[in-house]
Amino acid sequence: MTFIDALGIEATVGPDDLVAGALVLLKVLDADGGTRLSLAHSDGLGWIERAGMLRIAETLETDSVRQPDDDG
């Protein structure tokens, strides 16, 4: 088991919100220098929830690339 706290990833949820599941996509550097992707999820997430979460994440990421930041 590996913990990913050292990557500094944070999620913002409201004080009354309850996180009911998580899906984590990892970029892993192998000992031989290779790179691979790995997917981990919390217990209790069905395949349809995982597929939906991946699709929403893809949409959010694609939209953020297409739209320029207000800072620039």
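Residues numbered from 1 in each chain as written. Predicted model: local features only at pLDDT ≥ 70, side-chain atom pairs only at ≥ 80, totals over all residues. Heavy atoms only, no water.

A.B. asks: If you had to explain the overall build of the protein to someone new, which residues and values would you point to?
C.D. replies: In terms of helices and strands, the protein carries 1 helix and 2 strands. For the protein, the α and β elements follow one another from N to C terminus as β-β-α. Buried positions account for 1% of the 72 residues belonging to the protein. Across the protein, the fraction of contacts at a sequence separation of at least 24, relative to all contacts at a separation of at least 6, is 16%. Here the protein displays about 6800 Å² of accessible surface, and carbon together with sulfur accounts for 55% of that area. (Helix = DSSP H or I, 4+ residues; strand = E, 2+ residues; numbered from the N terminus. Buried < 20%, exposed > 50% of the residue type's maximum accessible area, 1.4 Å probe, protein only. Contact = heavy atoms within 4.5 Å. Areas by Shrake-Rupley, 256 points an atom, 1.4 Å probe, with all protein chains shown as cover.)

A.B. asks: Would you mind going over the pattern of salt bridges in detail, with residue names and values included?
C.D. replies: Evaluated as defined, the whole model comprises 2 salt bridges. Between arginine 36 and aspartate 30 there is a salt bridge whose closest N-O contact spans 3.0 Å. What makes aspartate 30 partly exposed here is its relative accessible area of 29%. The shortest N-O distance in the salt bridge between arginine 55 and glutamate 58 comes to 3.1 Å. Of this pair, arginine 55 and glutamate 58 both sit in helix 1 (residues 47-66), 3 residues apart, which is roughly one turn of that helix. (Salt bridge = Lys/Arg side-chain N within 4 Å of Asp/Glu carboxyl O.)

A.B. asks: Please set out a nonpolar patch on the surface residue by residue, giving values where relevant.
C.D. replies: On the surface, Leu25, Leu37, Leu39 and Leu54 cluster together into a nonpolar patch covering about 410 Å² of accessible area. As for its position among the elements, leucine 54 is in helix 1. Residue leucine 54 is classed as partly exposed on the basis of its relative accessible area of 38%. (Patch = residues over 30% accessible without salt bridge, like charges linked within 9 Å, V, L, I, M, F, W, Y side chains within 5 Å.)

A.B. asks: Give me the pairing of strand 2 (residues 35-41): which residues, what numbers.
C.D. replies: Note: strand 1 (residues 23-29) against strand 2, 7 bridges, orientation antiparallel. Residue pairing for strand 2: valine 24 is matched across the bridge by alanine 40. The hairpin formed by strand 1 and strand 2 contains 5 residues between the paired strands, and glycine 33 there has a positive phi angle of roughly 95°. (Pairing = 2+ DSSP bridges.)

A.B. asks: Would you mind going over the confidence of the model for the protein in detail, with residue names and values included?
C.D. replies: Scored by pLDDT, the protein comes out at a mean of 87, with 88% of its residues at no less than 70. No element of the protein has a lower mean pLDDT than helix 1, at 91, and none a higher one than strand 2, at 94. (pLDDT = per-residue confidence, 0-100.)

A.B. asks: Got a sec to walk through the environment of leucine 25? Specific residues and values, please.
C.D. replies: Position of leucine 25 among the secondary structure elements: in strand 1. Overall, leucine 25 belongs to the exposed group, its relative accessible area being 58%. Considering only alpha carbons, one finds leucine 25 and histidine 41, 16 residues apart in sequence, at a separation of 8.8 Å. The contacts of leucine 25, once residues within four sequence positions are left out, are Leu37, Ser38 and Leu39.

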